[in-house]
Amino acid sequence: MSIKINETWLEVLKNEFEKAYFLDLKSFLVEEKKNHIIYPPGNQIFEAFNLTPFDQVKVVLLGQDPYHGAGQAHGLCFSVQDGIKPPPSLQNIFKEIETDIGIANSNKGNLQSWAKQGVLLLNATLTVRANQAASHQNKGWEIFTDKVISELSENKKGLIFILWGNYAQAKSSLIDANKHHILKAAHPSPFSVYRGFFGCRHFSKTNDLLRQMGKPEIDWSV
């Protein structure tokens, strides 16, 4: 597995790629690819980093696992490739956007436009075996992405971290709340969306915070 990651991130994370856990992770992925289909494609594993360079991050949206269906995952949490119907969680995200700020998103589920505006769409685990959810958890990715969150917290200020669901909210221990803004709500999954995701207004709140800091707001249309 070759590492193709934006140079601004390479500078921040270069030591990670030589650590024992990451070398073990690479070996695991090489073996996996011999017998299984892995998502996202290899050249898109670090897509979130390539579309949102370290120096351009304004907002961090945390997901857990890539989608495990054919043609869905492309390296951005909650996002799907062009031509793929938005999964239920993403449909619920779009419903909240419409309720919150009046933008009606279409059936397009590709969130690249958010990433290019400074929204780091980061999954905790960056790969998955086809049709097997969570199959690459606890193989080393979480160590890597925890480091990403820690580096962002330590070396930047005024970031907005959006944490949906218990898994993402547990990452708040890595974030300096004195330097950054943390928005928490239930996960947009159909199983929890009515427990506080609908009505969280995280999209307008994010733009309010950005405006207060003198930063460009995010255009949440897709």
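The preceding data block contains the structure.
Quick summary incoming for the structure in this document. As the structure is a computational prediction, the values presented were derived from the model and not from experiment. Sequence order as written defines residue numbering, which begins from 1 separately in each chain. A pLDDT threshold of at least 70 governs which residues receive local features in this predicted model, and a stricter bar of 80 or more applies before side-chain atom pairs are shown or counted, although totals over entire chains, interfaces and linings include all residues. The basis for the side-chain values is all heavy atoms of the structure; hydrogens and waters are excluded.

Next up on the list: the overall build of the chain. Along its length, the chain carries eight helices and six strands. In DSSP terms, a helix is any run of H or I states spanning at least four residues, a strand is any run of E spanning at least two, and both are numbered starting from the N terminus. Ordered by position in the sequence, the α and β elements of the chain form the string α-α-β-α-β-α-α-β-β-α-β-α-β-α. With C-alpha atoms as the basis for the radius of gyration, the globule rule is written as 2.2 Å multiplied by the number of residues raised to the power 0.38. Its C-alpha radius of gyration of 17 Å places the chain within 12% of the 17 Å reference for a compact globule of 222 residues. Judged by the C-alpha coordinates and their principal axes, the chain covers about 45 × 35 × 25 Å.

A word on the packing of aromatic side chains. Ring geometry is summarised as follows: Phe, Tyr and Trp rings, the Trp one being its six-membered ring, pair when their centres sit within 6.5 Å, and such pairs are stacked at plane angles under 30 degrees, edge-to-face over 60 and tilted between the two. The full count for this structure, using the stated rule, is 21 aromatic pairs. Judged by centre distance (6.0 Å) and plane angle (55°), the rings of Phe46 and Phe49 are tilted. Here the aromatic rings of Phe46 and Phe144 are separated by 6.1 Å at their centres, their planes lie at 75°, and the arrangement is edge-to-face. With a gap of 98 residues between them, Phe46 in the loop between β1 (38–39) and α3 (47–51) and Phe144 in helix α6 (residues 141–155) connect regions that are remote in the sequence. Note on geometry: a ring has a charge over it if NZ (lysine) or CZ (arginine) is within 6 Å of the ring centre and within 35 degrees of the ring normal. Its guanidinium or amino end placed over the ring of Phe54, Lys156 lies 5.1 Å from that ring's centre, counting from NZ or CZ.

Whenever a helix is involved, its axis is fitted only over the stretch in contact; in every case the axis is a line through C-alpha atoms, and angles between N-to-C directions fall within 0 to 180 degrees. Close contact between helix α2 (residues 20–35) and α6 brings their axes to 9 Å; oriented N to C, the two are set at 130°. Viewed along their axes, α2 and α6 adopt a mutual orientation that is oblique. Classified by chirality, the crossing of α6 by α2 is left-handed. Contacts between α2 and α6 involve Tyr21, Phe22, Leu25 and Leu29 on the former and, on the latter, Trp141, Ile143 and Phe144. Among the residues making up the contact of α2 with α6, the classes are represented as seven nonpolar, no polar and no charged. Each angle is binned into one of four classes, with values under 35 degrees roughly parallel, values over 145 roughly antiparallel, values of 65 to 115 roughly perpendicular, and all other values oblique. For a crossing to be left-handed, the near helix must be turned anticlockwise from the far one by less than a right angle; the clockwise case is right-handed. Two residues qualify as a contact provided that any one of their heavy atoms is within 4.5 Å of a heavy atom in the partner residue. Nonpolar residues are Ala, Val, Leu, Ile, Met, Phe, Trp, Tyr, Cys and Pro. Charged residues are Asp, Glu, Lys and Arg, and all others, Gly as well, are polar.

By the secondary structure assignment, Thr127 is in the loop between β3 (119–123) and β4 (128–129). Partly exposed describes any residue whose relative accessible area lies between the buried limit of under 20% and the exposed limit of over 50%, with all areas from a 1.4 Å probe on protein chains only and scaled to the type maximum. Taking the relative accessible area as the measure of exposure, Thr127 reaches 0% and is therefore buried. There is a polar contact of 2.7 Å between the side chain of Thr127 and the side chain of His136. Reaching out from Thr127, the side chain makes a polar contact with the side chain of Trp141 at a distance of 2.7 Å. Apart from residues lying up to four places away in sequence, Thr127 is in contact with Leu29, Ile38, Tyr39, Pro40, Ile45, Pro66, His136 and Trp141. Counted as a polar contact is a pair of N or O atoms within 3.5 Å, where, for protein atoms, one must be capable of donating a hydrogen and the other of accepting one, and residues adjacent in sequence contribute only when both atoms are in side chains.

Here we take up α6. A helix is expected to span 1.5 Å multiplied by its residue count minus one. Look at α6: 21 Å from first C-alpha to last across 15 residues, which is about the 21 Å you get at 1.5 Å a residue. Where α6 is concerned, the buried positions are Trp141, Glu142, Phe144, Thr145, Val148, Ile149, Glu151, Leu152 and Ser153.

Looking now at the pairing of β3. Of all five residues making up β3, five are buried, and the element is well covered by its neighbours. Residues Val119, Leu121 and Asn123 line one face of β3 and the alternating positions Leu120 and Leu122 line the opposite face, and both faces are buried. Strands are treated as partners if at least two bridges between them are detected by DSSP. As paired strands, strand β2 (residues 59–63) and β3 are joined by five bridges and run parallel to one another. Within β3, the position partnered with Gly63 by the bridge is Asn123.

Moving on: the layout of surface pockets. The definitions used throughout rest on a 1 Å grid laid over the protein atoms alone, on which a cavity is an enclosed set of points accommodating a 1.4 Å probe that cannot get out and a pocket is an open set flanked by protein within 12 Å on both sides along at least five of seven lines; lining residues are those having an atom within 4 Å of a point. Grid points are joined across faces, edges and corners, and a volume is the space filled by probe spheres set on the points. Quantified by volume, the largest pocket comes out at close to 380 Å³. Lining of the largest pocket is provided by 17 residues; of these, Asp65, Pro66, Tyr67, Ser89 and His187 occupy positions nearest its centre. Broken down by class, the residue content of the lining of the largest pocket amounts to nine nonpolar, seven polar and one charged.

This next bit is on unusual backbone geometry. It is generally the case that most residues other than glycine have a negative phi and that most peptide bonds are trans. The peptide bond linking Tyr39 to Pro40 adopts the cis configuration, its omega dihedral lying at -10°. Following the sequence through the fold, Pro40 ends up in the loop between β1 and α3. One non-glycine residue, Phe78, lies in the positive phi region at around 70°. Turning to its location among the elements, Phe78 is positioned in the loop between β2 and α4 (88–101). At Asn131, a residue that is not glycine, the phi angle is positive and equals roughly 65°. Along the chain, the position of Asn131 falls in the loop between β4 and α6. The class of Asn131 is exposed, set by a relative accessible area of 59%.

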